[in-house]
Amino acid sequence: MPSTPRSASGPNQPGLRSTSGSSQGSAQSGTQPPTSNYNTPGRPEKDYPYKAIHNWHENNNTQARKLLAVGQLGKCLTNTQHGWISVSIGKNNAQVQVPRWAIEVGFERKFGDRLFEHDFSRISQSGVNHNNIQASNSLEKAIRSLALALSLKSNQDKMPFMSDNMRGMLRNDSQRNAYVAKMIGDLNKDYVRLACNEQSTVQDFRQALRVARLGDNRTGAYARVTGNFKTPAHRNRRPEFYVGQTSAGFYVRSASHRSPRLDDTSLAAESVRDADYCELYPICGTVGDPLYLDFVEQILIIVNGSYRPELKLQLTKATVGVSALQDFIKIYSMKESAQVLSEVASAVFGEIGWTPLCDRPAFGVHRGLNYDSPIRQTDWREKVLWIKTTQPGVKVVYRRSGLPVRVTTSTLGVNFKNGKTYQSATANVKFGAHWKEGEGPPKGTEVFPVIELMMNGPHPYPYARLPEVGCFADWHFANRVGIKLEWKGDDGKWYHQYFQRQHYREYMDSHEPGCTRGYAETLGLVKYLHQVPQDQPRGWMIDFGIARIKELTWDHMTQTAHLHELVAPAGAWPPPTWKTTAQITHEIQQLGALGVNGPYMVFPPGTRLMPSGRKCDTCFYEAWYDGLIRRRRVSGDWPCTRHRDANDQQTNICETCFRKGIVCSWTPEDQMPPRMITALQYRAHTAPSAASIDLDVTMLEIS
Ligand SMILES: [Zn+2]
Ligand SMILES: [Zn+2]
């Protein structure tokens, strides 16, 4: 329901209002519309984005429905007429008419005509001195030059996706040279001969090489050729080419390729299903460590040119929604590495005159099918790319690409990192999610781990489940961390579930107060995502290393998304600091507790002892939480034992409070304020069931 149009030159125009002192002044923001670059008088606004800079109520009546709130974003649906303009509001894009002065218009780009900007490194020269490279044939020359190019720091700096152990191996001359020499020795001689002949065809390849036979259990890299496609539209398509590796043996791999899982929707699997023949040719049979296999596979993908042609980054249009965001992260990670590696390859190969097989007209393949880059994820150590988005004032959200759900013995579970450790991290913590039968995503579902850091106060579903009162200066960070999984249900809707630590009383070190596993894990994540190391770390702390993060921001007024790599800041997380006894005493007093840090087992005078037994407040809650008190079981099941210090002298605190690094308090049960429980006790397990996710993220699609 649009407001009644009125001439904007009437008494409601703020410029006049300010002089007339009209009582309607408070209906709007009361300020004169600012002069702005976005306000270009006379320019047609239709289809451009706008942002509300004043509040506007229906009929300019503050009692009526508010149509525009400052900061509201949307699209101009008409041009301005007599000072009024129709704009879209809300999720349903309702149309309302508002005074033109209440909005700013962004004229840079039409609404929906979105631009994507990202910091992407270009490589035009390899930096390799090819004259020093000795090789007995052109393939060998290509391999040696490429390996050298990948080892140069100037190139590696443009490849932040490269896993740390691959980076280290390449930088180490003797290790790299050993790998290259071994690879050249391992290559199939017929493959080398064909690859070095620019006139070879894929049919020569199929005739000269032998497919993997029953019993061929060698490991190594292979080329797979698919062809004679059944789909009518693909009938005349030339064969397709893929490079892969297997540690299970060529024949086993060959058999599994011929029957890809039905739920495998990758292009490579589609090609196999559609093809009449699917032949696996060992081209580098070898015995080697996983890093070597990844190296060999990566080099062969590049020298054969078997990346999917559409992997080149062309980000064209944007859309809104979690689904698009998840697809984007996955595809972006792959596209980014494929494109930078392709740039390195074309620089190197241009300098030495090597044409990758799939790029040769004579070879005659339709396209390569490789999608991912082994260099990104070597030896099961992935350099995970996290995409950071911010909900201003609320939380920062980090998302990574998806992982398949695996079935464990009795529960569905997904390891947070799926066995892929962050290189340079000293720890590999698995975050297991467990669902009851029938809940949670089915086996094989791709789930997307998400970490959320609240900007103010605890997360509604804190992973660590710690009490509010803790002994470390940075204790409050621990409960700010929420971890959830997102997945797409069979109904096409997106679901999510937070998960939380089950064993919240676990300590990393029994001699050091306060170091619960929940604290150690979440602070490890906080430092990882802040990209800083711990200064003066304690032995029990968890080091996840430094996260690789790209921040995604969206500017509505220019319809531009920006994605840029966050560079780890200099400096470190402050050294571990324990709060003083006085600080902790004060914190517990603030909760309304009595007898804080007072004499052991002495309750304030004049108050009755609780019937449930003599315990400090913390032990009372521990016992309460365990259901001991509710079941009226005798005290002693959670004893409040007096702590003795290093000199075997009695102290005024109990063992439980000592381990937590806090002090005892002695409040009678009937005087305990309700707030005390979350402050002193671990939070109850509050994770909700799966529910649809709000589509609150502006994201991009890649084509
Ligand atoms: Zn106690
Ligand atoms: Zn105590």
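What counts and how
Residues numbered from 1 in each chain as written. Chains lettered and ligands numbered in written order. Predicted model: local features only at pLDDT ≥ 70, side-chain atom pairs only at ≥ 80, totals over all residues. Heavy atoms only, no water. Helix = DSSP H or I, 4+ residues; strand = E, 2+ residues; numbered from the N terminus. Buried < 20%, exposed > 50% of the residue type's maximum accessible area, 1.4 Å probe, protein only. Contact = heavy atoms within 4.5 Å. Areas by Shrake-Rupley, 256 points an atom, 1.4 Å probe, with all protein chains shown as cover. Polar contact = N/O pair within 3.5 Å; in protein donor to acceptor, adjacent residues only side chain to side chain. Donors = N, O, S within 2.8 Å, 3.2 Å for Na, K, Ca; no water. Tetrahedral: all angles 85-135°; square planar, octahedral: opposite > 155°, others 65-115°. Phe/Tyr/Trp six-rings, centres within 6.5 Å; stacked < 30°, edge-to-face > 60°. Lys NZ or Arg CZ within 6 Å of the ring centre and 35° of its normal. Pairing = 2+ DSSP bridges. Salt bridge = Lys/Arg side-chain N within 4 Å of Asp/Glu carboxyl O. Axes fitted to C-alpha atoms, helices over the stretch in contact; angles between N-to-C directions. Left-handed = near helix turned anticlockwise from the far one by under 90°. Nonpolar A, V, L, I, M, F, W, Y, C, P; charged D, E, K, R; others polar. Parallel < 35°, antiparallel > 145°, perpendicular 65-115°, else oblique.

**Side note on the overall build of the chain**
For the chain, the count of helices and strands is 17 helices and 29 strands. When the 703 residues of the chain are sorted by exposure, 52% land in the buried category. Long-range contacts, defined here as pairs at least 24 residues apart, represent 71% of the contacts in the chain between residues at least 6 apart. When the accessible surface of the chain is summed, it comes to about 31500 Å², and 50% of that surface belongs to carbon and sulfur atoms.

**Considering the side chain of E45**
Its place among the elements puts E45 in the loop between α1 (14-20) and β1 (49-52). Within the structure, E45 has its side chain in polar contact with the side chain of R100 (distance 2.7 Å). Once residues lying within four places of it in the same chain are set aside, the contact partners of E45 are C76, T78, N79, T80, I85, R100, V105 and F107.

**Details of the coordination of the zinc ion (ligand 1)**
For a metal with four tetrahedral donors the ideal donor-metal-donor angle is 109.5 degrees, whereas six octahedral donors ideally subtend 90 or 180 degrees. Those protein atoms acting as donors to the zinc ion (ligand 1) are C616 (SG), C619 (SG), C640 (SG) and C654 (SG), and they sit at 2.2 to 2.4 Å. Coordination geometry of the zinc ion (ligand 1): the 4 donor atoms subtend angles of 101 to 115° at the metal centre, consistent with an arrangement described as tetrahedral. The metal-metal distance between the zinc ion (ligand 1) and the zinc ion (ligand 2) comes to 3.0 Å, with C616 coordinating both. Here C640 lies in the loop between α15 (617-625) and β26 (642-644) and C616 lies in the loop between α14 (581-590) and α15, a separation of 24 residues in the sequence. In this structure, C616 and C640 share a single accessibility class: buried.

**Considerations on the packing of aromatic side chains**
A full pass over the atoms with the stated rule returns 21 aromatic pairs. Consider the rings of Y179 and F295, whose centres lie 5.9 Å apart with planes at 50°: the pair is tilted. Here the residue Y179 occupies a position in helix α5 (residues 173-186), and F295 occupies one in helix α10 (residues 290-304), the gap between them amounting to 116 residues. Residue Y179 shares its accessibility class with F295, and that shared class is buried. An aromatic cluster of three or more residues is present, and its members are Y191, F205, F241, Y281 and F363. The cationic tip of R224 hangs over the ring face of Y242; the distance from NZ or CZ to the ring centre is 4.6 Å.

**Details of the coordination of the zinc ion (ligand 2)**
Protein-derived ligands of the zinc ion (ligand 2) are C616 (SG), C654 (SG), C657 (SG) and C664 (SG), with the metal-ligand distances lying across 2.2 to 2.4 Å. Coordination at the zinc ion (ligand 2) is tetrahedral: its 4 donor atoms span angles of 99 to 120° at the metal.

**Points about the pairing of strand β5 (residues 84-89)**
Consecutive side chains along a regular strand alternate between the two faces of the sheet. With respect to burial, β5 is a largely interior element, 6 of its 6 residues being buried. Alternating positions in β5 separate into two faces, W84, S86 and S88 on one and I85, V87 and I89 on the other, with burial throughout. Judged from the 6 bridges that link them, β5 and strand β6 (residues 94-99) form a sheet pairing that is antiparallel. From the neighbouring strand, W84 faces β6, where its bridge partner is P99.

**Notes on the pairing of strand β9 (residues 219-229)**
Burial within β9 is extensive, with 10 of its 11 residues counted as buried. Inspection of the sheet shows β9 paired to strand β11 (residues 275-286) by 10 bridges, in the antiparallel sense. The partner of T219 across the bridge, within β11, is T286. When β9 meets strand β10 (residues 240-246), the two strands line up antiparallel, connected through 7 bridges. When the sheet's bridge partners are listed, A221 is paired in β10 with Q245.

**Considerations on the sheet that holds β9**
Pairing is mixed across the open sheet formed by 4 strands, whose spatial order is β11-β9-β10-β13. Whereas interior strands pair on both sides, the edge strands pair on one side only; in this sheet they are β11 and β13 (367-368).

**Quick word on the pattern of salt bridges**
If charged atoms from side chains of opposite charge come close, those side chains can pair. Counted by the stated rule, this structure contains 29 salt bridges. Two residues, K182 and D186, come together in a salt bridge whose shortest N-O distance is 3.3 Å. A residue pair is termed a helical-turn pair when its members lie 3 or 4 positions apart in one helix, as K182 and D186 do in helix α5 at 4 residues. Taking the relative accessible area as the measure of exposure, K182 reaches 32% and is therefore partly exposed. One salt bridge in this structure joins R548 and E336, with 2.6 Å as the shortest N-O distance.

**Focus on the sheet that holds β1**
Ordered by their spatial adjacency, 3 strands build an open sheet running β4-β1-β7, and the pairing between neighbours is antiparallel. Of all the strands in the sheet, the pair left with one neighbour each is β4 (73-75) and β7 (103-105). In this sheet, adjacent strand axes meet at a mean angle of 30° when their direction is disregarded. As paired strands, β1 and β7 are joined by 3 bridges and run antiparallel to one another. If you follow K51 over to β7, its bridge partner there is E104.

**A word on the packing of helix α2 (residues 138-151) against α10**
Between α2 and α10, the shortest axis-to-axis distance is 10 Å and the interhelical angle comes to 115°. Helix-helix and strand crossings are classified by hand; for α2 and α10 the assignment is right-handed. Of the residues in α10, those touching α2 at L139, A142, I143, L146, A147 and L150 are F295, I299, I302 and V303. Of the residues contributing to the contact of α2 with α10, the split by class is 10 nonpolar, no polar and no charged.

**Remarks on unusual backbone geometry**
Not every positive phi belongs to a glycine, and Q531 is a case in point at roughly 60°. Along the polypeptide, Q531 turns up in the loop between α13 (517-530) and β24 (548-555). A relative accessible area of 6% places Q531 in the buried class. Here the phi dihedral of D648 falls at roughly 65°; this positive angle occurs in a residue that is not glycine. Within the element layout of this structure, D648 appears in the loop between β26 and β27 (650-654). Overall, the relative accessible area of 47% leaves D648 in the partly exposed class.

**Details of the packing of helix α4 (residues 164-171) against α10**
In the contact formed by α4 and α10, the axes pass within 11 Å of each other and the chain directions differ by 80°. Classified by the angle between their axes, α4 and α10 sit roughly perpendicular to one another. Of the residues in α10, those touching α4 at N165, M166, M169 and L170 are L291, D294 and F295. Grouping the constituent residues of the contact of α4 with α10 by class yields 5 nonpolar, 1 polar and 1 charged.

**Describing the environment of N79**
As for its placement among the helices and strands, N79 is situated in the loop between β4 and β5. Between the alpha carbons of N79 and Y48 there is a distance of 9.7 Å; along the sequence they are 31 residues apart. Discounting residues that sit within four places of it in the chain, N79 has contacts with P44, E45, K46, W84 and I85. There is a polar contact of 2.7 Å between the side chain of N79 and the backbone nitrogen of K46.

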